[in-house]
Amino acid sequence: MATIPVGGSWHNSAMRPRVRIRRRLHVAALVAAAAVGTWWYATSGEPVPATGAVGAAVTSATSTSTTVEGAPAVAECRRLLVAAKRKLETVPMMSAVFQKQERIGEKLQPLNVMDLKVRRTPLSIYMKWQQPDAGQQILWKDGAHDGKILVSPAGWKRKIMPVAKIDPHGDMAMNVSRRPVTNIGIWNFTDRMIALVDEELTRDPAVRVAMSEGHEISGRSCRKFSFEHATPSAIVPFQNVTIYLDDVLEVPVACEHHRWSTENGKPAPRLEESYLFRDLMLDVSLTDDDFDHRNPSLQFGAK
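Calculation criteria
- Residues numbered from 1 in each chain as written.
- Predicted model: local features only at pLDDT ≥ 70, side-chain atom pairs only at ≥ 80, totals over all residues.
- Heavy atoms only, no water.
- Helix = DSSP H or I, 4+ residues; strand = E, 2+ residues; numbered from the N terminus.
- Buried < 20%, exposed > 50% of the residue type's maximum accessible area, 1.4 Å probe, protein only.
- Polar contact = N/O pair within 3.5 Å; in protein donor to acceptor, adjacent residues only side chain to side chain.
- Salt bridge = Lys/Arg side-chain N within 4 Å of Asp/Glu carboxyl O.
- Core = buried A, V, L, I, M, F, W, Y, C linked by side-chain atoms within 4.5 Å.
- Disulfide = S-S within 2.5 Å.
- Phe/Tyr/Trp six-rings, centres within 6.5 Å; stacked < 30°, edge-to-face > 60°.
- Lys NZ or Arg CZ within 6 Å of the ring centre and 35° of its normal.
- Contact = heavy atoms within 4.5 Å.

Participant: Can you break down the side chain of Q101 residue by residue, with the values?
Facilitator: With respect to the element layout, Q101 can be found in strand 5 (residues 93-104). Given a relative accessible area of 1%, Q101 falls into the buried group. Separated by 2.8 Å, the side chain of Q101 and the backbone nitrogen of G52 make a polar contact. Here Q109 takes part through its backbone oxygen, which lies 3.1 Å from a polar atom of the side chain of Q101.

Participant: Got a sec to walk through the pattern of salt bridges? Specific residues and values, please.
Facilitator: One pass over the structure, following the stated rule, counts 23 salt bridges. The shortest N-O distance in the salt bridge between D288 and R119 comes to 2.8 Å. Of the two residues, D288 is situated in the segment after strand 16 (266-281) and R119 in strand 7 (residues 112-119); the sequence distance between them amounts to 169 residues. Two residues, E272 and R178, come together in a salt bridge whose shortest N-O distance is 3.3 Å.

Participant: An account of unusual backbone geometry is requested, with residue identities and associated values reported.
Facilitator: In this model, T121 is joined to P122 through a cis peptide bond whose omega is -15°. For P122, the location among the structural elements is in the loop between strand 7 and strand 8 (124-131). In this structure, the amide linkage connecting Q131 to the following residue, P132, adopts the cis form with an omega of -15°. In this structure, P132 sits in the loop between strand 8 and strand 9 (137-141). The phi angle at D146 is positive, at roughly 55°, despite the residue not being glycine.

Participant: Before we move on, could you go through the nonpolar core and cite the residues and values that matter?
Facilitator: Core analysis: the largest hydrophobic core is formed by 61 residues, its most contacted members being M94, I186, F227 and L280. Broken down by element, this core gets its largest block of residues, 8 residues, from helix 6 (residues 186-201). If you look at the next biggest cluster of nonpolar residues, it comprises 9 residues, including L139, L150, V284 and F291.

Participant: Tell me what's going on with the state of the cysteines, and back it up with residues and numbers.
Facilitator: A complete count under the given rule lists 0 disulfides for this structure. Free cysteine C77: the closest other cysteine sulfur is in C255, separated by 9.5 Å. Judged by its relative accessible area of 0%, C77 falls in the buried class.

Participant: Any details on the environment of M127? Residues and values, ideally.
Facilitator: Looking at the element boundaries, M127 is found in strand 8. Overall, the relative accessible area of 4% leaves M127 in the buried class. A sequence separation of 30 residues divides M127 from V97, and the C-alpha atoms of the two residues are 9.3 Å apart.

Participant: For the packing of aromatic side chains, give the residues involved together with the corresponding values.
Facilitator: One pair of aromatic rings is described through two measures. These are the centre distance and the angle between the planes. Counted under the stated rule, the structure contains 3 aromatic pairs. Taken together, a centroid distance of 6.3 Å and an interplanar angle of 5° make the contact between F98 and Y275 stacked. With a gap of 177 residues between them, F98 in strand 5 and Y275 in strand 16 connect regions that are remote in the sequence. Across the pair, Y275 and F98 agree in class, each one buried. Taken together, a centroid distance of 4.9 Å and an interplanar angle of 35° make the contact between F98 and F277 tilted. Within this pair, whereas F98 is found in strand 5, its partner F277 is found in strand 16, the two being separated by 179 residues in sequence. When sorted by exposure, F98 lands in the same class as F277, which is buried. One aromatic cluster in this structure is built from F98, F189, Y275 and F277. For R192, the ring lying beneath its charged end belongs to Y275, and the centroid distance is 5.4 Å.

Participant: Go over the environment of I243, please, and point to the residues and values.
Facilitator: Relative to the elements of secondary structure, I243 occurs in strand 14 (residues 238-246). When the C-alpha positions of I243 and S226 are compared, they lie 6.6 Å apart, and in sequence the two are 17 residues distant. Those residues within four positions of I243 in sequence are excluded, and the remaining contacts are C77, M193, V197, L201, R223, K224, F225, A254 and C255.

Laid out in structure tokens, this is it:
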């Protein structure tokens, strides 16, 4: 069998296609990883500001605010969350600008801002990034694409691989997200807020709780619920949790969560997760085309 010299060594010519295939697979894997939005931040060591997704979106009119503290504030928070869950049972679709910043392991990820559309039945998800990696898109639909996320990278990555397929529960996806994409949406978010109040926020009687009004998100009035520990507690790990409920839509639209850590040998709060549904719409009408990668208006995978 013929052999040819390559780089000063002798290699079997029949092996060259296999080498090319391995190289292509390697490139494909790198592009697929990069296509999950924040991949290079997780590996580049770039500093990520711990600003969170919520702060800049909230405006407050302190002159009209009122405050309720302690047990009455906890009871009101839970009452509103349970009422929101009941209301959302009749809501089939939603759209929003979804903002999130999460800590994965010990590394804080950058702020992600994306256009989001979700339909409950069949569960269908579309996201298009505003930052970072503006233009990246993903699609996931129950019963389609072998259960994989379709990822349309942005920029130069799209020229190498227009569309990648990623397991929503696999390492590649979960390395840049605390929860699988299939959990996204205002319904699961509300369920998590109820569980957070029941299972963590009220476990320690020393927690300080306050409800205040006079805040706005997306031009709509909101109530703010703050849960805070003055010192580290052996019972619960959080330092403070803030939940915002939209008074007009009557659903939770934001949450920010800090846990106790150590800085310069002293206890200090550390941002763990921050989420915001900005410009949330519950009366939106979505069709199959909104979740179809062949829809020309999406330009999904177009080079």
